[in-house]
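Observations on the model geometry
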Amino acid sequence: MLVSLKWLRDYVDLEISPQDLAGKLTMLGLEVESIASIRPDFSGVRVARITGIKPHPNADKLLLCDIWTGDRTIPVVCGATNIKVGDVVPLALVGATLPGGLTIKKSKIRGEVSEGMLCSERELLLGQDHSGIMLLPEDLPVGEELGAALGADDTVFDISVTPNRSDCLSIIGIAREVAAATGKPVRYPDTALSENDEDINRITSVTIEAPDLCPRYLARVLKNVHIAPSPPWLRQRLEAFGLRSINNVVDVTNFVMIELGQPLHAFDFDQLAEGRIVVRRSQPGETFVSLDGKKRVLPSDAILICDGKKPVAIGGVMGGINSEVTDGTSVILLEAAYFQPSSIRHTARLLGMATDAAFRFERGIDPEGLIRAVDRAAKLIADLSGGDICKGVIDQHPGSIPVARDIVLRLKNVEGIIGASISAEKVIKILEALGMEIKEADDETLLVTPLSSRVDITQEIDLIEEIARMYGYDMIPATLPHIFAASDSSGGRRIETETMIRRVMNGSGYTEVINYSFIHPSSVDDLLLSSDDRRRNQVFISNPLTEEQSVMRTTMVYSLLKNVLKNFDWGRSDIKIFEIGRTYLWESQSKESSELNKAAFLITGRRYEERWNFDDEKSDFYDLKGCVENILDALHVPAPSYRAAAGESFLHPGKSCGIYSNEDRIGFLGEVHPDVLLRLGISAPVTVGELDLDIVTSVAIFKKGFYSIPKFPAVLRDVAFLARRDVEAKDFVAAAQQSRQELLEKVDIFDVYEGENIPDGMKSLGLRFQYRSTDRTLTDDEVNSIHSRIVESITRSLGVTIR
Amino acid sequence: MIPELESLREQVDEELKTARTEAEFQALRIRYLGRKGLLTGLLRNIANVQPDQRPLFGKRCNELKEFVSAKIDQHLAELAVSEKEKSLRTERIDVTLPGRAVRYGSLHPITKVRDEICGIFAGLGFSIEEGPEIELDYYNFEALNIPADHPARDMHDTFYVDEKRVLRTHTSPVEIRTMQKNSPPIRIISPGKVYRRDSDISHTPMFHQIEGLLVDKGITLANLKGVLTHFLKKMFGEETAVRFRPSYFPFTEPSAEVDIRCVICGGKGCRVCKQSGWLEILGAGMTHPQVFKNVGYDPEIYSGFAFGLGLERIAMLKYGISDIRLFFEGDLRFLEQF
Ligand SMILES: [Zn+2]
């Protein structure tokens, strides 16, 4: 809300600087977001008086004027026809600058010297009128700078008003806050008016057919109104608020809305069929042309203000073009109403019409401020337009409006919530400064009636907030509560898992990314997911910003592949990234969404960055597998295994695996399918993996003991086997372990070889067997006999030979 | 035979002087002390010495033997030292070449800031809770005292999934879920992703918040100030000035915005703090009695406070990042700096 300090001064004295006032308001919860200085866009323009006019000797259409500047008389050549001797006018002296940058110079016009220029409204950007010289009020001090004389200099605060403080959407509301904070009184505007003898009830009537939406409607009628441009003071007020001046009637309705917070509307009474007002709810599909000239299809249950035949305004939102006040208007009907806030909000949102009126109605106006507002406006219109105010106000009040009610404040709760000891006297002083009435008081409780405009104050806690606010947050001590032990939390374990993954991946050179949770719906097609894959059950956003961000992701892999594409564009070809986040599934059975915690990894390009002492090798499946092994190892995931053919449509069928702990599938790993790479336009092989962190966390062993350091030496035996290519490493390890020989401590694969000297379709696999006893040093003979049994059982069970 | 010994000794002295290499000294050892060496030969010929002179001869021979042996050992030792010094002088690597370890990966700046904040609150006994990101309208709004058509919904430009589901616009619904599950005392923080329908240089449609909630008997606004001041001083430095000012959130009352003295300009006023000298860091407030009623807590017995802060904002201040979108573009040139 833009607040002109000059306007504010009409209602409360400001004896502090704008900066200090801004600080005070901010600390009261009315955050001043910016302070702007308004100055007229001209300089060197003075108030002057015409003391003589004679015709220009050499030009029929020009005049020679003598102008009294306050200290001397100067000659000015002028072409206007609306001036006479004695007029007070704006004079741009030699050296003056006008809006747009024009500088006034001494000149000779058709042989006559001109030492200045008389200006029109538009030339000074003080109005639209360019038909003649601007005529200033007779009483302006001649010789003074025009800007100062008109009071055009101003300071404007942009105040961020929180949604609860509808009372501060008015200058008077801000003035009340300033008054409460500075101890000054508020001066309320004058609403005394004089009416003629014509009873309004003989002119018009108001019928409310929807009292739930419009519980109260007030009308006044003014006759013989003369529509004209508004005077400068009114225009300046509106412009400081950011509104354009229209005419002396519309401007007054806006002025009073900003002044008092009550939106008003003026109808051209002669355009109202049957000369009456009917308030009803809209019919489905009804259309209406609003003041801005747009044809609106109204939502049902909007409030329609109608005449005897047709709608003339969308109640609380905007008037209609069919009853607009125009230059020819002479009778007006002024409306001040209370509309149901949520109905206005609903209508304004559906129509996309965030008008100043709707903004105030939906936040709740002062239910007791209607008469004051309509009287204030009638008085101002009568003053400015010479109209007559007809006798009486029509006040239809068929519905109920929540009004301020008495609130019991228990003094112990003030300290109980705020944590500062504030005396009862201080509490009472604060509440009274805010205009509240203390109806009863004893040692423990107060009975408080808030101001009717404070629609946000309905219960004890609201009063406590007011007390804290006015007492000053900076006066409240800062104390730590007593500490108690942390309770166990659901998040804890999985966060340990995530921390471990981050540690392992960082150590392996992978950088963490965070991608948007929403992606393009075609991601599931790009990943070639089969029609029955549950990851096709995406959660759709009903109002996405773009299609690119319109479904919640069901895999992490897609986001990482997109990261690769972009980084390729930025010139990176070696990429190691990982992400920890969620995927989201729509469970069509239960019609619920579910969220899964995942970690995903990706590598493409070189295994190591390009460096003088690193091999220039391309990364592959085993790079990522090593990381996954380290993670599972660090988390003590029991019995991990990697089973060929992950069964993931987006992975290479021969270079991928499912990751298991015992029989629980905890993730997958593999090279991305070439068809997927092709679809996405990725030109290099990529390996990806994903772990399901909810399952990993549930199987991980967080509290683990340790093995004692072996006391006796190990004995090693190496063997090279010759096997068919499809015999997997894990088969050898499994076969060795099948021997159940407890002295066999572990089996490692130290060499894999295919090629020269190895028959086609075969491979050589070197295994290292490690034997150890916990209670003695093994002898060669002992080891040899066990070892040869194990090797023999491997060759027999796998059908392989020793090389 | 003694003169022979004498001349042998002179000969040895001479040869020891001329020997230079380890091989020459070893050759000397063999030449004099070996099984067929000159000294050994002399001793073997002791029979040719007159019997009365034999003890003296033997003694002298042994003395000379020990002398030669010691001399050779000494020269060899000196030689070893000088060889070592020579090799220390000549062996050189280029220590300015890069090392061999794989480059350490980077944590996302949001993760770093989150861990730091969670760590500070863990020290105050707060534990971590989480909640769904696809959230029921009830938890995101209704239970937090924000009914449909409430003007406060303007503060949340919401992504909807369907009539009753939204992408949560803040982490505050975790407060409700936690209180429904547990009885007081409650002391939790909840980091997570939140979503608002907004996208420009200072807004991304997804961002991160941390929510905090503390409920017990006798919790006050002064405690709120105490806990959050402690946090902000840990986060931004002990000398950081902190300011609490009244604000409005439907689910807290009294409510506060918490500012710190601008870390960019030190309070003089700059573009980042919009010339105010202060930076808005946290929203907070005393839990509204209606919220307690919504979860079945008695506001006459319990009180508490809640707070929420945006991680991106803190990361941007901490690292001087001016475009929030950088966090989510996966640009390694950006991410590898952390
Ligand atoms: Zn600053």
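Everything numeric in this text was worked out from a predicted model, so none of it was measured.

Considering the overall build of chain B
A tally of helices and strands in chain B yields 11 helices and 9 strands. Over its C-alpha trace chain B gives a radius of gyration of 43 Å, far above what one expects of a compact globule, namely 20 Å for 338 residues. In terms of principal-axis extent, the alpha carbons of chain B reach across some 130 × 45 × 45 Å. For chain B, long-range pairs separated by at least 24 residues make up 66% of all intrachain contacts whose partners lie at least 6 apart in sequence. In chain B, the 46 positive side-chain charges and the 48 negative ones have mean positions that sit 5 Å from each other.

Some remarks on the environment of A:Asp327
Relative to the elements of secondary structure, A:Asp327 occurs in the loop between strand S20 (318-319) and strand S21 (332-338). The spacing of A:Asp327 and A:Asp388 is 61 residues in sequence and 17 Å in space, taken between C-alpha atoms.

A short note on the packing of helix H19 (residues 729-738) of chain A against helix H20 (residues 780-798) of chain A
Residue and element names in this part refer to chain A. At a closest axis distance of 9 Å, the pairing of H19 and H20 adopts a crossing angle of 130°. One finds that H19 runs oblique with respect to H20. Taken as a pair, H19 and H20 cross one another with a handedness that is right-handed. Each of Asp731, Phe732, Ala735 and Ala736 in H19 lies in contact with H20, whose residues at this interface are Ile790, Ser793, Ile794, Ser797 and Leu798. Partitioning the contact of H19 with H20 into residue classes produces 6 nonpolar, 2 polar and 1 charged.

Concerning the coordination of the zinc ion
Residue and element names in this part refer to chain B. At this site the zinc ion is bound by Cys262 (SG), Cys265 (SG), Cys270 (SG) and Cys273 (SG), with donor distances of 2.2 to 2.3 Å. Note that the zinc ion binds 4 donor atoms; their angles at the metal cover 102 to 115°, and the shape is tetrahedral. Site description for the zinc ion: donor spacing in sequence, C-x2-C-x4-C-x2-C. The buried category is assigned to Cys265, whose relative accessible area is 13%.

Comments concerning the sheet that holds strand S26 (residues 445-449) of chain A
Residues and elements named next belong to chain A. Spatially, 3 strands are ordered S24-S26-S25 in an open sheet, and the strand pairing comes out antiparallel. Either end of the sheet is taken by a strand with one partner, and the two such strands are strand S24 (407-410) and strand S25 (437-441). Within this sheet the neighbouring strands show an average axis-to-axis angle of 30°, counted without direction. On the sheet, helix H12 (residues 460-471) packs against S24 and S26 and is oriented at approximately 60° with respect to S24.

Some words on the side chain of A:Ser343
Among the secondary structure elements, A:Ser343 is positioned in helix H7 (residues 341-351). Residues in contact with A:Ser343, not counting those within four places in the same chain, are A:Leu213, A:Asp301 and A:Ile303.

Details of the interface of chain A and chain B
Contacts between chain A and chain B engage 92 residues on the former and 89 residues on the latter. On the surface where chain A and chain B come into contact, there are 6 salt bridges. The partner of A:Arg410 in a salt bridge is B:Glu300, and the shortest N-O contact between them spans 2.9 Å. Linking chain A to chain B there are 40 residue pairs in polar contact (both at pLDDT 80 or more). Among the elements that take part in the side of chain A that touches chain B, strand S30 (residues 575-587) of chain A stands out by supplying 9 residues, more than any other.

Brief notes about the layout of surface pockets
Residues and elements named next belong to chain A. Its volume calculated, the second largest pocket comes out at about 1,400 Å³. Those elements that provide at least two residues to the lining of the second largest pocket are helix H16 (621-634), strand S32 (640-644), strand S33 (651-661), H19, strand S37 (744-753) and strand S38 (762-771). Per-element tally for the lining of the second largest pocket: the top contributor is H16, with 8 residues. A breakdown of the residues in the lining of the second largest pocket according to their chemical character gives 15 nonpolar, 6 polar and 13 charged.

Considerations on empty space enclosed by the protein
Counted by the stated rule, this structure contains 4 cavities of 30 Å³ or more. There is about 150 Å³ of room inside the largest cavity. Lining the largest cavity we find 16 residues, and of these A:Leu260, A:Gly261, A:Gln262, A:Ile365 and A:Asp366 sit closest to its centre. Of the residues belonging to the lining of the largest cavity, the class tally is 4 nonpolar, 7 polar and 5 charged. What the second largest cavity holds in volume is close to 90 Å³. Together, 13 residues line the second largest cavity, and A:Thr162, A:Asn164, A:Arg165, A:Arg469 and B:Ser247 are the ones closest to its centre. For the lining of the second largest cavity, the secondary structure elements donating two or more residues are H12 of chain A together with strand S6 (242-249) of chain B. Tallied by class, the residues present in the lining of the second largest cavity amount to 3 nonpolar, 4 polar and 6 charged.

A short note on a nonpolar patch on the surface
All names here are of chain B. Together, Val263, Ile264 and Val272 make up an exposed nonpolar region whose accessible area comes to about 220 Å². Within the element layout of this structure, Val272 appears in the loop between strand S7 (252-261) and strand S8 (278-287). On the accessibility criterion, Val272 (33% relative accessible area) is partly exposed.

Concerning the pattern of salt bridges
Two side chains that carry opposite charge are able to pair once their charged atoms sit near each other. All names here are of chain A. Throughout the structure, instances matching the rule amount to 89 salt bridges over all chains. Between Arg360 and Asp356 there is a salt bridge whose closest N-O contact spans 3.9 Å. With a gap of 4 residues between them, Arg360 and Asp356 both fall in helix H8 (residues 356-363), about one helical turn apart. Take Arg360: its relative accessible area is 4%, and that puts it in the buried class.

Focus on the pairing of S32(A)
Residues and elements named next belong to chain A. Relative to S33, S32 runs antiparallel, the two sharing 5 bridges. Paired with Arg643 across the two strands is Gly658, which belongs to S33. Counted between consecutive antiparallel strands, the loop separating S32 from S33 contains 6 residues, among which Ala645 sits at a positive phi close to 60°.

So, the environment of A:Gly183
Looking at where A:Gly183 falls in the secondary structure, it is placed in the loop between helix H4 (171-182) and strand S11 (195-199). C-alpha of A:Gly183 to C-alpha of A:Ala433: the two residues are 250 residues apart in sequence and 7.4 Å apart in space.

Here's the deal with the side chain of A:Ser170
Looking at the element boundaries, A:Ser170 is found in the loop between strand S10 (154-160) and H4. In this view, A:Ser170 contacts A:Met1, A:Ile258, A:Glu259, A:Leu260 and A:Gly261; residues no more than four positions away in its chain are not counted.

Some thoughts on the domain arrangement of chain B
Partitioning chain B into domains gives domain 1 (2-90) and domain 2 (109-335). Taking only C-alpha atoms, the centre of domain 1 of chain B and the centre of domain 2 of chain B are 90 Å apart.

So, how was this worked out
Throughout, residues of each chain are indexed from 1 in the direction in which the sequence is written. For this description, chains carry letters from A and ligands carry numbers from 1, given in the order in which they are written. Only residues with pLDDT of at least 70 get local features here, since the model is predicted, and only at 80 or more are side-chain atom pairs given and counted; chain-wide, interface and lining totals rely on the full set of residues. Processing note: side-chain calculations cover all non-hydrogen atoms of the structure and skip hydrogens and water entirely. Helix and strand assignments come from DSSP, with helices taken as H or I runs of at least 4 residues and strands as E runs of at least 2, each series counted from the N terminus. Using C-alpha atoms as the atom set, the radius of gyration is obtained and then compared with a globule rule of 2.2 Å times the number of residues to the power 0.38. The contact rule is simple, with two residues in contact once any of their heavy atoms fall within 4.5 Å. By the counting rule applied here, Lys and Arg register as positive and Asp and Glu as negative, while His and the ends of each chain are not counted. We put the charge of a Lys on NZ, of an Arg on CZ, of an Asp on CG and of a Glu on CD. Only C-alpha atoms enter the line fits that serve as axes; for helices the fit covers just the stretch in contact. Angles between N-to-C directions range over 0 to 180 degrees. Each angle receives one of four descriptions, namely roughly parallel if under 35 degrees, roughly antiparallel if over 145, roughly perpendicular if within 65 to 115, and oblique otherwise. Whether a crossing is left-handed or right-handed is set by the direction in which the near helix is turned from the far one by less than a right angle, anticlockwise for left-handed and clockwise for right-handed. Just so you know the grouping, Ala, Val, Leu, Ile, Met, Phe, Trp, Tyr, Cys and Pro go in nonpolar, Asp, Glu, Lys and Arg go in charged, and all remaining residues, Gly too, go in polar. Note that water is not among the atoms considered, so a metal site may appear incomplete; the donors listed are N, O and S atoms within 2.8 Å of the metal, with 3.2 Å applied to Na, K and Ca. Only four donors with every angle between 85 and 135 degrees are called tetrahedral; only four or six donors with opposite donors over 155 degrees apart and all others between 65 and 115 are called square planar or octahedral, in that order; all others are irregular. Whether a residue is buried, partly exposed or exposed follows from its accessible area with a 1.4 Å probe, protein chains only, as a fraction of its type maximum: under 20%, in between, or over 50%, in that order. Being paired, for any two strands, means DSSP has found at least two bridges between them. Within this document, salt bridges are pairs made up of a side-chain nitrogen of Lys or Arg and a carboxyl oxygen of Asp or Glu, the two lying within 4 Å of each other. For the purposes of these results, a polar contact is taken to be a pair of N or O atoms within 3.5 Å, where, inside protein, one atom must be able to donate a hydrogen and its partner to accept one; residues adjacent in sequence count only when each atom of the pair is a side-chain atom. The distinction between a cavity and a pocket rests on a 1 Å grid over the protein atoms alone: a 1.4 Å probe fits inside a cavity but cannot get out, while a pocket stays open yet meets protein on both sides within 12 Å along at least five of seven lines, and a residue with an atom within 4 Å of a point counts as lining. Grid points are joined across faces, edges and corners, and a volume is the space filled by probe spheres set on the points. Patch membership requires more than 30% relative accessible area and the absence of a salt bridge. Residues of like charge join within 9 Å; the nonpolar side chains Val, Leu, Ile, Met, Phe, Trp and Tyr join within 5 Å. What sets the accessible areas is the Shrake-Rupley method with a 1.4 Å probe; for residues, cover comes only from the shown protein chains. Note that domain bounds follow an automatic or database assignment of domains.

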